[in-house]
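Working through the structure, step by step
So the chains spell out like this:
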Amino acid sequence: SNSLWVVITGGVLLSGFPPAFATLLSSLYIPMMLLIFCFTYRAVAIEFRSKIASPKWRGFWDVVFALASFGMAFGLGIVTANLIEGLPITQDGDFVKDLSTLFSPYAISVGFFIVILFSLHGSLYLTMKTVGPLHDRLRRWNMRLFALFVFAWVVVNVVTPIYAAHVTAFMHNKPAFYPFAFLGLVGITALYYSLKRASDGWAFMSSCLIILSLVLLYALGTFPNLARSSLNDAYSLTIYNSSSSLFTLKILLGMACAGVPLFLLYISYAYKVFRGKVELDTMSY
């Protein structure tokens, strides 16, 4: 399902905003290819891990899965940071600097922040789904990951005004942003108390609240830009100057209204089928 969202996003960007698609996919080619390869090798690792009953074989694919998961999260952070900070895009939509520009200190800090965030979120989900020694070990790790997340969250909030002053300035001029920022603080506070009380379900929901807050802040902070130019704001690609025809957008809207509910229904059914704790036995994968 995660891969499907990537395909849908790419398809919508290509169909609805072709200039932005061309600029972003060429400018962010290396990070985007990193994401695609990591998605691929995560699936390959899961598929091949059980083919041979050998500890070394399974250990190798566990390492592949871990590295692919790290690369996917880090790559997503690099892409997100560059979209926030802005890309050196000319009036013609050309990327004018070398790829090392993408790996700025801000991009690297956001990359590691996303890795820590996803590690905490995944650990909370596993805690909610497992029993026995693994469950107990995850609980011990959760508080450590939470402390690391809070540290990374503070660092990102400190460096963002330095590297992306336009975002923070825009947010200060729009009081409507503050409830979304407050939503994140509520999630962090709720997560801390949920971990202290060993409430696995509430801890996971608190983590979802934190992620929702971050996504909303990103969307509102970068609106209406799809690809902001760090050279000149007039060169930025927005939802207005890079969109397809109105007829095309109406077709895409109709397809979204028809397809998204079906996809959400499928996801809900899948979660219902696999609900409850996972117990290891002779039939385990």
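In what follows, the accompanying structure is described. (Residues numbered from 1 in each chain as written. Predicted model: local features only at pLDDT ≥ 70, side-chain atom pairs only at ≥ 80, totals over all residues. Heavy atoms only, no water.)

1. As for the packing of helix 3 (residues 29-48) against helix 4 (residues 55-85)
Heads up, the condition is: For helices, the fitted line uses only the C-alpha atoms of the stretch in contact; every axis is such a line through C-alpha atoms, and the angle between N-to-C directions lies from 0 to 180 degrees. The way it works is that DSSP assigns letters per residue, a run of H or I at least four long becomes a helix, a run of E at least two long becomes a strand, and they are numbered from the N terminus. Here the angle decides the label: under 35 degrees means roughly parallel, over 145 means roughly antiparallel, 65 to 115 means roughly perpendicular, and every other value means oblique. Crossing handedness is read from the near helix: turned anticlockwise from the far helix by less than a right angle, it gives a left-handed crossing, and turned clockwise, a right-handed one. Any two residues whose heavy atoms approach within 4.5 Å are treated as being in contact. In this count, Pro and Cys sit with the nonpolar residues alongside Ala, Val, Leu, Ile, Met, Phe, Trp and Tyr, while Asp, Glu, Lys and Arg are called charged and the others, Gly among them, polar.
One can describe the packing of helix 3 onto helix 4 by two numbers: an axis separation of 8 Å at closest approach and a directional angle of 155 degrees. When the interaxial angle is binned, helix 3 and helix 4 end up roughly antiparallel. Considering the relative orientation of helix 3 and helix 4, their crossing is left-handed. Only W57, W61, V64, F65, A68, S69, G71, M72, G75, L76, I78 and V79 of helix 4 make contact with helix 3, whose side of the interface consists of P31, M32, L34, L35, C38, F39, Y41, R42, V44, A45, I46 and F48. Residues of the contact of helix 3 with helix 4, tallied by class, amount to 20 nonpolar, three polar and one charged.

2. Quick word on the nonpolar core
We apply this condition: To qualify as a nonpolar core, a set must consist of buried Ala, Val, Leu, Ile, Met, Phe, Trp, Tyr and Cys residues joined through side-chain atoms within 4.5 Å. Buried means the residue's accessible area, taken with a 1.4 Å probe over protein chains only, is under 20% of the maximum for its type, while exposed means over 50%, and partly exposed covers the values in between.
Counting residues in each nonpolar core, the largest one holds 32 residues, and the members touching the most others are L120, L124, F149 and L191. When residues of this core are traced back to their parent elements, those giving at least two are helix 4, helix 5 (105-129), helix 6 (132-163), helix 7 (165-172), helix 8 (178-196) and helix 9 (200-222). Excluding its chain neighbours within four sequence positions, the residues that come into contact with L191 are L120, L124, F146, A203, S206 and I210.

3. Points about the environment of S207
On the secondary structure map, S207 appears in helix 9. The spacing of S207 and F118 is 89 residues in sequence and 9.5 Å in space, taken between C-alpha atoms. Sequence-distant contacts of S207, that is, excluding residues within four places in its chain, are made with H121 and L124.

4. Observations regarding the packing of helix 4 against helix 5
At their nearest, the axes of helix 4 and helix 5 sit 7 Å apart, and the two run at 135 degrees to each other. Here helix 4 lies oblique to helix 5, going by the angle between them. Helix 4 and helix 5 meet at a crossing whose hand is right-handed. Where helix 4 approaches helix 5, its residues F70, A73, F74, L76, G77, I78, A81, N82, I84 and E85 are matched on the opposing element by Y106, A107, I108, V110, G111, F112, I114, V115 and F118.

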